[in-house]
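Given next are the chains, with one letter for each unit.
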Amino acid sequence: MRRIHDMLAVMLLTAFSLLASCTKVDTENSFANTSAGNFAALWTIMDEHYCFFDYKNSEFGLDWDQVYDKYQEYVYEGMGDMALFEVLSSMLSELRDGHVNLYGPYDVSRNWSWKEDYPANYSEEVRDGYLGTDYKIASTGYFYQVLPDNIGYMTIESFSNAISDSKLDAMLHYLCFCNGLIIDIRNNGGGNLDIAEQVASRFTNEKVLTGYTKYKNGPGHNDFSDPVANYVEPAMSNLRWQKPVALLTNRGCFSSANDFTVKMKEMPMVTVFGDRTGGGGGLPMSSELPNGWSVRFSSAPSYDKDMNDIEGGVDPDVFVSMTDSDRLQGIDTIIEAAREWINGLITN
């Protein structure tokens, strides 16, 4: 089996932290700026720093050494940049990881199989029918409305969009007389873990263990730290939600939206409806190839409180699929299931 024996010297510029959405790893340029050199650099960066080799092997039989053997045959001196980019992108796609990207001057490689291979279970057009035209806007992507049966409905389209504590206060104050709350994060592709935790902190009155993270501490595939516990502290504000919450998820929930789901499942009075999330349970980091292209990759695996890996997604408490017949009538099957659950709690 062919292996690369050159060691890539690595210096971490900042400590690993789940509070960062992406951390950069600077590497000593020990590879030549040639087609072969860039290929070797990329394979080695991933070999020494990517965190899900064992998980991917157990899920679909990934063998990273075999990936090297397969793709190095396509690399030759004098090949054009576009051809090299295609080879390197194809090699990275073997990982089937939405947090793995190669950034070139004219394209960004990506893998969206985590959502493209599954039913959408979401229609923005149907969702907008529930919001109406008089919905409130707390911040970009944070929309909220009171449904006719006095249930609050809130969307969070991305955790890339910051929201102030004062706006969270205003939103919860407006909804506080509702019998329950639906939080819709379907198709939320992630963003900043800080923001996700900021929102989650409004749904607990005490410190809650929500999961663990391991960090790479060596170049071997299994060189990890002991698990580090992750907690959510209650928000400093006294405006915290105390009534039933239905969290709506689908395969479009990725990265910090996946992490948000893990956190919310541990909160009192929260039930998750919909489909399994899209995953993305690794903290992204980045490095650079000799030719200046950058690569992003998963570096630190996250787990739920029972040490289940969340890279492949998080199951809802109640599986619900959006039916075509409902969608054609402007009905969201998943929203209706959440409303039925909340109304059932009220009547009982």
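Residues numbered from 1 in each chain as written. Predicted model: local features only at pLDDT ≥ 70, side-chain atom pairs only at ≥ 80, totals over all residues. Heavy atoms only, no water.

Comments concerning the overall build of the protein chain
- For the protein chain, the count of helices and strands is 11 helices and 14 strands.
- Dimensions along the principal axes, computed over C-alpha positions, put the protein chain at roughly 70 × 45 × 35 Å.
- Burial analysis of the protein chain (348 residues in total) assigns 52% to the buried set.
- The long-range fraction of contacts in the protein chain, counting pairs at least 24 apart against all pairs at least 6 apart in sequence, stands at 73%.
- When the accessible surface of the protein chain is totalled, it reaches about 15,400 Å², and 48% of it is carbon and sulfur.
- Across the protein chain, 26 positive and 49 negative side-chain charges occur, with their mean positions spaced 4 Å apart. (Helix = DSSP H or I, 4+ residues; strand = E, 2+ residues; numbered from the N terminus. Buried < 20%, exposed > 50% of the residue type's maximum accessible area, 1.4 Å probe, protein only. Contact = heavy atoms within 4.5 Å. Areas by Shrake-Rupley, 256 points an atom, 1.4 Å probe, with all protein chains shown as cover. Lys, Arg positive; Asp, Glu negative; His and termini not counted. Charge placed at Lys NZ, Arg CZ, Asp CG, Glu CD.)

Regarding the sheet that holds strand β6 (residues 152–156)
- Strand order in this open sheet of 7 strands is β4-β5-β6-β7-β10-β11-β14, and the pairing throughout is mixed. Every other strand in the sheet has two partners, leaving β4 (136–139) and β14 (318–319) as the edge strands with one partner each.
- Two elements, strand β5 (residues 142–146) and β6, share 5 bridges in a ladder whose sense is antiparallel. By the bridge assignment, V146 is partnered in β6 with G152. (Pairing = 2+ DSSP bridges.)

Digging into the pattern of salt bridges
- Applying the stated criterion across every chain yields a total of 17 salt bridges.
- Linking K56 and E311 is a salt bridge whose minimum nitrogen-to-oxygen distance equals 3.1 Å. Residue K56 is located in helix α2 (residues 53–60), and its partner E311 is located in the loop between β13 (294–304) and β14; the two are separated by 255 residues in the primary sequence.
- What makes E311 buried here is its relative accessible area of 5%.
- Residue D165 is joined to R202 by a salt bridge in which the shortest nitrogen-to-oxygen separation is 3.8 Å. Of the two residues, D165 sits in helix α7 (residues 165–175) while R202 sits in the loop between α8 (193–200) and β8 (208–213), which places them 37 residues apart along the sequence.
- Overall, R202 belongs to the buried group, its relative accessible area being 1%. (Salt bridge = Lys/Arg side-chain N within 4 Å of Asp/Glu carboxyl O.)

Topic: unusual backbone geometry
- Within the chain, N121 stands out as a residue other than glycine whose phi angle is a positive 50°.
- Within the secondary structure layout, N121 lies in the loop between α5 (113–116) and α6 (124–131).
- What makes N121 buried here is its relative accessible area of 6%.
- Despite not being glycine, N187 shows a phi value in the positive range, around 70°.
- For N187, the position within the fold is in the loop between β7 (181–184) and α8.

Some remarks on the layout of surface pockets
- The computed volume of the largest pocket comes to approximately 340 Å³.
- What lines the largest pocket is a set of 18 residues, among which K56, R96, Y118, R251 and G312 lie closest to the centre.
- At the level of elements, α2 and α5 are the ones that each hand at least two residues to the lining of the largest pocket.
- Sort the elements by how many residues they give to the lining of the largest pocket and α2 lands first, with 4 residues.
- For the lining of the largest pocket, the residue count by class is 5 nonpolar, 5 polar and 8 charged.
- Two domains share the lining of the largest pocket, each providing at least three of its residues, namely domain 1 (35–112) and domain 2 (124–282 + 300–347).
- There is about 240 Å³ of room inside the second largest pocket.
- Residue lining of the second largest pocket: 17 residues in total, with G98, H99, G189, F254 and R296 positioned closest to the centre.
- Of the residues belonging to the lining of the second largest pocket, the class tally is 5 nonpolar, 10 polar and 2 charged. (1 Å grid on protein atoms, 1.4 Å probe; cavity = no way out; pocket = protein on both sides within 12 Å on 5 of 7 lines; lining within 4 Å. Points joined across faces, edges and corners; volume = space filled by probe spheres on them. Nonpolar A, V, L, I, M, F, W, Y, C, P; charged D, E, K, R; others polar. Domains from an automatic or database assignment.)

Describing the domain arrangement of the protein chain
- Assigned domains within the protein chain: domain 1 (35–112) and domain 2 (124–282 + 300–347).
- Relative placement of domain 1 and domain 2: their C-alpha centres are 33 Å apart.
- Each partner contributes residues to the interface: domain 1 has 14 residues there, and domain 2 has 16 residues.
- Between domain 1 and domain 2 the total buried area reaches about 1,200 Å² when both faces are included, carbon and sulfur atoms providing 56% of it.
- When the buried area of domain 1 at its contact with domain 2 is split by residue, C51, F52 and H99 rank highest and sum to 44% of it. (Buried area = accessible area lost by both parts, 1.4 Å probe.)

Things to note about the environment of D169
- Along the polypeptide, D169 turns up in helix α7.
- It is 20 Å that separates the C-alpha atoms of D169 and K263, two residues lying 94 residues apart in sequence.
- Contact partners of D169, with chain neighbours within four places excluded, come to R202, S237 and L239.
- Among the polar contacts made by the side chain of D169, one reaches the side chain of S237 at a distance of 2.8 Å. (Polar contact = N/O pair within 3.5 Å; in protein donor to acceptor, adjacent residues only side chain to side chain.)

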